Amino acid sequence: MSQNTRPSLRQLEHHDAFIERHIGPNDAEIAHMLGVVGQPSLEALTDAIVPASIKSAAPLALPSPLTEVEALAKIRAIAGRNQVFRSFIGQGYYGTHTPNVILRNILENPAWYTAYTPYQAEISQGRMEALINFQTLCADLTGMEIANASLLDEGTAAAEAMTLAKRSSKSKSDIFFVSRGVHPQTLELLKTRAEPLGIVLQIGDDSEAAGVDAFGVLLQYPNTYGQISDYAALADAVHARGGLVAVASDLLALTLIAAPGEWGADIVVGNSQRFGVPFGFGGPHAAFMACRDAYKRSMPGRLIGVSVDAEGKPAYRLTLQTREQHIRREKATSNICTAQVLLAVMASMYAVYHGPDGLRRIAARVHRCSAMLAAALRKAGITVGPDFFDTLHVVGVDAEAIHAKAEAARINLRRIDAGSLGISLDETVTREDLVALAALFGADPGDLDALDAATPDALPAGLRRTTPFLQHPVFNTHHSEHELLRYMRALADKDLAMDRTMIPLGSCTMKLNATAEMIPVTWPEFANIHPLAPAAQIRGYKELIDGLEQMLVECTGYDAVSLQPNSGAQGEYAGLLAIRAYHRSRGDAHRDVCLIPESAHGTNPASAQMCGMQVVVTKCDANGNVDVEDIRRAAEKYSERLAAIMITYPSTHGVFEEDVVRICEIVHAHGGQVYTDGANMNALVGVAKPGKWGSDVSHLNLHKTFCIPHGGGGPGVGPCAVKAHLAPFLPGTLGGENPVGMVSAANFGSASILPISWMYVTLMGASGLRKATQVALLNANYIAKRLAPHYETLYTGRNGLVAHECILDLRPLKDATGVSAEDVAKRLIDFGFHAPTLSFPVAGTLMVEPTESESQHELDRFIDAMIEIREEIRAIADGKLDREDNPLKHAPHTATMVCGSEWRHAYPRELAAFPLATLRQQKYWPPVARVDNVYGDKNIMCACIPVDAYKETADA
Ligand SMILES: *Cc1c(COP(=O)(O)O)cnc(C)c1O
């Protein structure tokens, strides 16, 4: 190579390397696709799509992109500024051993973490089986009839229990009685949630509860100080007044103590964190809610149920969807959408691995150690509360002196007050820990085996668990590592996640979750930090959080960001609370009307309702745009009462509306605030900033735009970003003075997954983020353009272009041929694809969002499948395929259907299974045929399927 053509060192260093891995199409493909779309360059495409009135003048003020090696080194240094102490703080969070087989094959496995929410039942059977195991686990241990999968954290679960009790109780009271024994963060959450709804919290000692005329009570069992009390008489008294009994509990304790369902609880909530999910500085973890069967239609969150498929086999599906915000909107029972699926799967696998005997043994060991430590402390003259499982309430000590000694020994204990403290043991406790803990109090446990022999249990005699749990074979089979490994693999193989195919879900932004972004999550310096660890131990987290907040401020044009909300819907709730508190601070408490266009995501009206706002729905015009005149009319009509408008931008119809600035002006003129749902930020980052065009607040979905994987339906992070005037009203922290209070149980919500988004922004830099947005626009337009001869795109914006997603209108085809959007969605499974978003925001359509991460090759594969499906629809129209008996109506086709000795259909087997030649080389076989939705809702069954059910179908 001659000197002149030799590339320089700088060129060879290739700092765009990650950007080119993240963005699917290479430059040649981008050029080709631009040609198809009819645009000379990415810049020209951007100019043609994005209204000039909102475009950012300057590039993002972010550092240049780093390579994977550099970024990992940088975050490694940040992680190193955290200090991992032994944490016996408890208060709802406990040390745990994540079984390594689960760590690597679930938490670190893209087959699990890149999956989407199981709306398409046929390609989600694996994760739904894991989730029904979770539901069975929670229902069994709590002694309840039904459990969901899952809620965001214990505090919000308790708040949901409060509103469930309000809906379900016969009492007309507005009072919810809360025991002083609940965790402090739960109390904070209840305060936040109760006030806008007009619920009056009465906080008191357990003994006072029976005397209060409340619609419900919340108890903690064992309570936050570890004590286990008998609440049977109290439960009877509450019931006698028509109230409901909600209980926050601990799954591990429940293996040894009587289930709340056995002594009268109606609703039980809690956190499954200690079933193998690391502290993670507060999250993510899966909370649960279990309740009596009578309340199932009013229960919040997702519920996996059992139905049958077209072959009559049992099959899982999300059940009772009609309860959810997507359908019920402002009448929804809750705004919860993204939950904590990945963590619920982990907890369920922990239970599958250990089984009932293993769990009992773990619990018994924790209790043994706790009882022994208590005995050692008492022998040294220290007072410890009676009747506990794993938590000792130590009173009458110089707490500061003991905390100082503990710190020197790299141990954290719970701070309660100057004279008392808490010690919570967990399955990680060792004999050495017991000696070290006793020594902090000047005690010496002596010979531990002798102490063991001499120390009785500390569980109250009348409250020992006598009922069995987890008797289903799934919890009694997979106890060797091989068995569990293969069980998890078998489940993962049933599902389609992004490790196998693009998931072109409109509004959900299923983009690459790069391995380098995921790696830091499980480092001990991030994973093993208790959420209440002292500030000196979390300097790394602080740096990470501050840094990420600054990045998001820069990307959005707002002034302040809170990372506390742990889902998009929680971000909405936080943003609306900020608006509400802002109005109140100005003497405008009467502003309670929230305008929401009819095209909005269901969480928008559900969140507004939770803030006590009255939702006024505004229209959309024929082009799918929000109807500005209707907004103007509504803003005028409700001028005095106008609190806010919630709009989504670009619109849920996939269009950059020209009028967004005007809408902001109208709403501001009437004294309202503008909330922009930021779920579509993937069309904006680096191109335009909502905080600069007049919007006051947005939530982001880090699990969409900023690369946190969906985990099969969670975790997520929904930061709330606001302009300066709303900053004082962002969520507060535990124990802090704040006008709004907390919206999540932990100060930084799902802190341990923040490294993912930090890594993404750091790896991409300003240039990469902008290019990602531009290629996201290009990929969507490429699909729309190539499919134009076959499918109509419902809405387009300026220059006939769409934004980052496109809506394919199947309604004309349905009228002509009887083929529905759902048939097309199911037929895509035969081609190995996850369907696009079905019937949102318009019924009878498919919304496709490819994201920038899909290569041209993958886009073409999808387009080929869609064209082939269109040919099948044409064949039906032409009478070449039967109107009823065709591959669309019977899709998806299972191996048992295609290989059965009989084939009764009017089309060939080959067409059923291999509609494209390429499928002969790589074929995904759905484990079940089309799942019957109606049957599942009529015959509600939400626990593990009895093994006999499979036998019957095998015999049949
Ligand atoms: C995903 C989404 C939400 C809700 O986010 P979650 O994290 O699921 O709560 C809200 N609005 C829009 C437009 C969305 O796409």
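None of these values were measured; they are calculated from a predicted model.

1. Notes on the overall build of the protein
Check the secondary structure of the protein and you find 33 helices and 25 strands. What you see for the protein is a C-alpha radius of gyration of 28 Å, in line with the 30 Å of a compact globule of 956 residues. By its C-alpha atoms, the protein is 85 × 75 × 70 Å across when sized along the principal axes. Within the protein, the fraction of its 956 residues that count as buried is 65%. Within the protein, residue pairs in contact and separated by at least 24 positions form 77% of the contacts whose partners lie at least 6 positions apart. Carbon and sulfur atoms form 51% of the exposed surface of the protein, whose accessible area is close to 32400 Å².

2. Some thoughts on the packing of aromatic side chains
Scanning all chains against the criterion turns up 17 aromatic pairs. Between the aromatic rings of Y649 and F656, the centroid separation amounts to 5.7 Å while the plane-to-plane angle is 75°, which identifies the pairing as edge-to-face. Like Y649, the residue F656 is buried in the burial classification. Members of the aromatic cluster, each reached through a chain of ring pairs, are F281, W523, F526, Y541 and F748. The side chain of K923 reaches across the aromatic face of W925, ending 5.0 Å from its centre.

3. Brief notes about the sheet that holds strand 4 (residues 200-204)
Spatially, the seven strands line up as an open sheet ordered 2-8-7-6-5-3-4, and their pairing is mixed. Because the sheet does not close on itself, it has two edges, and the strands there are strand 2 (146-147) and strand 4. In the sheet, strand 7 (residues 267-271) pairs with strand 8 (residues 287-291) via five bridges, with the strands oriented antiparallel. Opposite N271, over in strand 8, you have A287 as the bridge partner. Contacts between helix 8 (residues 125-142) and the sheet are confined to strand 2, strand 7 and strand 8, with strand 8 contributing the most and set at about 60° to the helix. Packing of helix 12 (residues 232-240) onto the sheet brings it into contact with strand 5 (216-221) and strand 6 (244-250), and relative to strand 6 it is tilted by some 145°.

4. Points about the sheet that holds strand 11 (residues 383-384)
In space, the five strands of this open sheet follow the order 1-13-14-12-11, with mixed pairing throughout. For this open sheet the edge positions go to strand 1 (86-88) and strand 11, each flanked by a neighbour on one side alone. Bridging between strand 12 (residues 391-395) and strand 14 (residues 420-424) involves five bridges; their strand directions are antiparallel. Each bridged residue has a counterpart across the sheet, and for V394 the counterpart in strand 14 is L421. In this fold helix 14 (residues 341-379) packs onto strand 11, strand 12 and strand 14, with an angle of close to 15° to the strand it touches most, strand 12.

5. Observations concerning the pairing of strand 6
Along strand 6, seven of the seven residues are buried, which leaves the element largely enclosed by surrounding structure. As paired strands, strand 5 and strand 6 are joined by six bridges and run parallel to one another. Bridging from a neighbouring strand, V217 pairs with V245 of strand 6. This β-α-β element, strand 5 to helix 12 to strand 6, shows right-handed connectivity. As paired strands, strand 6 and strand 7 are joined by five bridges and run parallel to one another. Bridging across to strand 7, A246 finds its partner in I267.

Calculation rules
Residues numbered from 1 in each chain as written. Predicted model: local features only at pLDDT ≥ 70, side-chain atom pairs only at ≥ 80, totals over all residues. Heavy atoms only, no water. Helix = DSSP H or I, 4+ residues; strand = E, 2+ residues; numbered from the N terminus. Rg over C-alpha atoms; globule rule 2.2 N^0.38 Å. Buried < 20%, exposed > 50% of the residue type's maximum accessible area, 1.4 Å probe, protein only. Contact = heavy atoms within 4.5 Å. Areas by Shrake-Rupley, 256 points an atom, 1.4 Å probe, with all protein chains shown as cover. Phe/Tyr/Trp six-rings, centres within 6.5 Å; stacked < 30°, edge-to-face > 60°. Lys NZ or Arg CZ within 6 Å of the ring centre and 35° of its normal. Pairing = 2+ DSSP bridges. Axes fitted to C-alpha atoms, helices over the stretch in contact; angles between N-to-C directions. Right-handed = clockwise from strand over helix to strand, strands pointing away.

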